[in-house]
Structures are given as structure tokens and as C-alpha cells.
Amino acid sequence: MQGTEAQPRTGASSVLGRLLPERTMILSRAETARMGFVPCAETARAVRLSPFRQLALIGAGLLGVGWLGYATAALLIVGIDNARFARDLAVIEETYAARLSAAEDARDRALLRADTLDQRIADSTAHIAGQQDELMAALDAERAQRVTLAAVRRKLADAVRARDNAERKRAGLADRLAGLQGDLTRSEGTESDLSNTLGAISIALADTIVQREQAVAEIAALNNQIDEITAQSRLDNEKRQRVMARLEEAVIVSLGQLEGALAPTGFDVNALVAQLRSTYSGEGGPFIAVDDARLVTDDPQSQRVASLMRDLEQVQLMRIATRKLPLAIPVVGTYRFTSGFGLRRDPFNGRRRQHNGIDLAGDRGTPIHATADGTVIFAARMRGYGKIIKIRHAFGVETVYAHLHRIRVKVGDTVSQGDRIGDMGNTGRSTGTHLHYEVRVNGLPVNPMRYLKAARDVL
């Protein structure tokens, strides 16, 4: 390629011509083809660059350089923003991880508190049962003491009567002996007859004196026995009072714990207890009927014991109620809370819809446990829910366990609170491995957290 300088111009373009003089570029055939021009027969081609064309080329070059600078700056800014976003995202992730860890710790503490509550109630119930047995043994001992004391007092009365009869008989024989001795002195009657009669009366008098002394000795022994029984009864009564005081204190604590656990469920505790009292016939049951023969008296202490027995029965029935209501965590193992009860955005279509339970996410196969005693009424696949289990409990309560990987029970099975019924999975309309857990009362869904928090809130 060769270039030649054109002649300077005159007129309006003279200034531009002086700055950018017109040039002619001669391009060889090879260069023409390389630059994309259509090849022709000539061996070379001339291209004239006027000042305006040069200015346009310079402008286009400047625009290209400017755009390149702008693009470079934009990339740098984007890079800086990306680095800043990455740092912010790392901070957010760290904060989320910290909150998630705190939530898991809180959940673990809640589980521990719930387990502690359950253990405390169980220990308290066992302690109350032991003390109740001790109290009833003391009542039986008191009853036996009263029977013994009554028998001893009857014997004492018999001994007193025997002593009095012996004394009267002795006095009569003594008077008769004195009279016979007087007759013998005055020689009234034959001496032989008087002597014989006198000897017989003397013997009878001696026997009567022995009988009287025996009666007196028996009276003394019986009085000592009465004193011993009375002293032992006083000690037993003091012991009984201490047992009753401990029992009353334990009952107050247990009733407080159980009422605190049942109140948040929304059920009428008295109605629950009344229903259990009239229908329950399973293990445990009421401790002692308050119409026990040992308690049906007008004695203030017996009335106190009867009142305590009613409270003990209340504790036992409320304890049964806590096992018949879903007051336990359905997931055993590591999990996280991912969705609550109420309106939420649907994970599939983004629309707002009612979520009738809570979602607890964990690893596939995580054990799922029944939250209350009940009977399995459904255990199969259901549209949307995947593999699902439904359990009917007392008081019109139902629990639902959905999206399971495995079902471990069948319809008709009776399960107890804490029994393993399935494994966590991702079946049905689900975005990941989790348990969808519902609680329904009389067919209507309620917030399960009301029940899961119930036991924790009383501590």
C-alpha cells in the first residue's frame, strides 16, 4: 500500500485541509482482496481520503476507543459490585447460618425441656403413687390400731367388771365369815358344822381374793397396752400428717404442670377429665375411689384424705390426657423448621394459599413418631400428600404425617405416644425431603405449634 499527499485546498475547507490534508491510498490487488474489496483486473487500486473522510474515520476511532473505555469501566464496576455482592452474600449466609444454628439450639433446648417436663411429670406421678401407697398403708395401720384399741378397751371393761364382782363377792364372804366366827364364839349350832362352813367360806374367800388380784393385774396390763397403742397412734398420726403434707405439695406441683401443659391446647381441662373419668378403663386409671370405706367418715382428717384422693385422681386423669393429646415432637433427630401454619406463597405456582400444617425438613429416612396415643385410620398414598399416615386420637383430635418415604404402620393399628410410624421422605407434591405435619380438631386444622409449645411453656 502506498500513499501520496494531495494538493492543498482553498475556501471553507482550507482549515480542515491544513489539519487533515487530502491523501490518496494505492492498494495492491492482494491488499484489496485482504480488505474485503471485490478483486478486479487492475493490479492496484487508488483510494482517496478527503479531510472529511479522515475526520469521520478519526471520529469513528475515537468513538470506538470511548466505547472500549466505557465497557472496560462498566466491567470494572460490575466486578466491584459482584465482589461487594459476594461479600454481602457471605455476610447474609453467615448471619443466616448463625440464626439457623441458634434456632436449632433453641429447638434442641425446647425438646430437652419437653422431655424434661415429661420426665418430671412421670417422676412426680411415680413419687405421688409411692407416697399414696405409704399414706394408705398408714390409714390401714391406723384402722388396725383403732380396732385393737377397741378390743383392748372391751377387755379392760370385762376385767374391771370381773374385779368389781370379785370384790363384791369377797366382801360378802368376809361378812359371812365374820358372822360365822361370831356364832362359833357364842357356840350356836354344832361346833363341827360351824367349823366346816367356816373352812368352806375361807377357801371361797381366798379364791375370790385371787380372782380380784388377777383382775387388777389384767386391768393394769390392759391400761399399759392402751397407753402403748395411744403413743404409737400419736407417732403414726404425726408421720401420716407429714406424708399428707408432702402429697398435697406434690399434687399442687403436678396439677400446675399438667394444667399448664393442657391449657394452651384450647381444651376445657375439666371437660377432658370428666370424659376420661366416665370412659377411661386403660392402664393407670384413677388411684383410689373417694368413696373408699376407710374415708367415708365425718372425721376432719378423713375428709382431708378424701379431698387429697380426689386431687390424686385428677392428676392421674390429666396425665392420661397428656398422652392422648399430641403434646410431643413428631420428628426424632436433626431437622429444621421450614414453613409454618397459615397463609404462605405456594412453592410451585407462587400464589398465596392456606398451609394447614407445619413443615419440618431433615434427611431422608429420619424417624417419624406418633405424637399421641391413637388408632391409625389411613396409611397409603394420597394425591398431593404422597405417602401419608392419619391417626385418630381422643377428644376429636386427628394428626396427619405426609410426604413420607416409608410407612411403618397399617390401618387399625393402635399406637402409643412416641412409637415410630414412618420415615421422612419427599413423596407427593413436595420440593424437598421434609415432614408435613397437621393437627385437626373435629375435622378443622389448627396450628400444631399450639400443642408442640404447650409442654415447653410450663417450664
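The coordinates are above.
Worth saying up front: this structure is predicted, and the values here are computed from it rather than measured.

What counts and what doesn't
- Residues numbered from 1 in each chain as written.
- Predicted model: local features only at pLDDT ≥ 70, side-chain atom pairs only at ≥ 80, totals over all residues.
- Heavy atoms only, no water.
- Helix = DSSP H or I, 4+ residues; strand = E, 2+ residues; numbered from the N terminus.
- Contact = heavy atoms within 4.5 Å.
- Areas by Shrake-Rupley, 256 points an atom, 1.4 Å probe, with all protein chains shown as cover.
- Salt bridge = Lys/Arg side-chain N within 4 Å of Asp/Glu carboxyl O.
- Buried < 20%, exposed > 50% of the residue type's maximum accessible area, 1.4 Å probe, protein only.
- Core = buried A, V, L, I, M, F, W, Y, C linked by side-chain atoms within 4.5 Å.
- Axes fitted to C-alpha atoms, helices over the stretch in contact; angles between N-to-C directions.
- Parallel < 35°, antiparallel > 145°, perpendicular 65-115°, else oblique.
- Nonpolar A, V, L, I, M, F, W, Y, C, P; charged D, E, K, R; others polar.
- Arc of directions from axis to C-beta.
- Polar contact = N/O pair within 3.5 Å; in protein donor to acceptor, adjacent residues only side chain to side chain.

In terms of regular secondary structure, the protein chain is built from eight helices and 15 strands. A fraction of 70% describes how many contacts in the protein chain between residues 6 or more apart in sequence connect residues 24 or more apart. Put simply, the protein chain shows about 26700 Å² of open surface, and 55% of that area lies on carbon and sulfur atoms.

Now for the pattern of salt bridges. A pair can form between side chains of opposite charge whenever their charged atoms are brought close. Applying the stated rule across the entire model yields six salt bridges. Put simply, Arg 161 and Asp 158 hold a salt bridge, and the shortest N to O gap is 2.0 Å. Here Arg 161 pairs with Asp 158, and both are found in helix H3 (residues 51-186), just three residues apart, close to one helical turn. When its relative accessible area of 46% is taken as the criterion, Arg 161 is described as partly exposed. Through salt bridges that share partners, Arg 408, Arg 420 and Asp 423 make up one connected network.

Within the largest apolar cluster, 48 residues are counted, with the highest numbers of intra-cluster contacts made by Tyr 401 and Ile 421. In terms of residue count, the dominant contributor to this core is helix H6 (residues 300-324) (nine residues). Counting eight residues, the second largest nonpolar core, distinct from the first, contains Leu 149, Leu 156, Ile 219 and Ile 226.

Excluding glycine, residues mostly have negative phi values, and the peptide bonds linking residues are mostly trans. Of note in the backbone geometry, Phe 395 takes a positive phi value of approximately 65 degrees without being a glycine. Note on Phe 395: relative accessible area 11%, which makes it buried. The residue Asn 442 is not glycine, and still its phi comes out positive at about 55 degrees. Within the secondary structure layout, Asn 442 lies in the loop between strand E14 (434-441) and strand E15 (444-446).

Interaxial distance between helix H5 (residues 269-279) and H6 falls to 9 Å at its minimum, and their mutual angle equals 95 degrees. As summarised for this structure, H5 and H6 are arranged roughly perpendicular, according to the angle between their axes. Between H5 and H6, the contacting residues are Val 269, Asn 270, Val 273, Leu 276 and Arg 277 on the first element and Glu 313, Gln 314, Leu 317, Met 318, Ile 320, Ala 321 and Lys 324 on the second. Its residues assigned to classes, the contact of H5 with H6 shows seven nonpolar, two polar and three charged.

As a further point, take H5. Within H5, the full set of buried residues consists of Val 269, Leu 272, Val 273 and Leu 276. Buried residues in H5, looked at end-on, bunch into an arc of 95 degrees, giving them a common side. Exposed and oriented more than 90 degrees from the buried face of H5 are Asn 270, Ser 278 and Thr 279. Residue Asp 268 occupies the N-cap position of H5, its side-chain oxygen lying 3.0 Å from the main-chain nitrogen of Asn 270.

This paragraph deals with the side chain of His 403. Its place among the elements puts His 403 in strand E11 (residues 397-407). Judged by relative accessible area, His 403 falls into the buried class, the value being 6%. Of note is the side chain of His 403, whose polar atom sits 2.7 Å from the backbone oxygen of Thr 427.

Our focus in this paragraph is the environment of His 393. Considering the arrangement of structural elements, one finds His 393 in the loop between strand E10 (386-392) and E11. In this structure His 393 comes out as buried when scored by relative accessible area, which is 7%. The spacing of His 393 and Val 376 is 17 residues in sequence and 9.0 Å in space, taken between C-alpha atoms. In contact with His 393, not counting residues within four places along its chain, are Lys 324, Ala 372, Asp 373, Gly 374, Glu 398 and Thr 399. A polar contact of 2.7 Å, which involves the side chain of His 393, links it to the side chain of Thr 399.

Coordinates in, geometry out; function isn't part of it.
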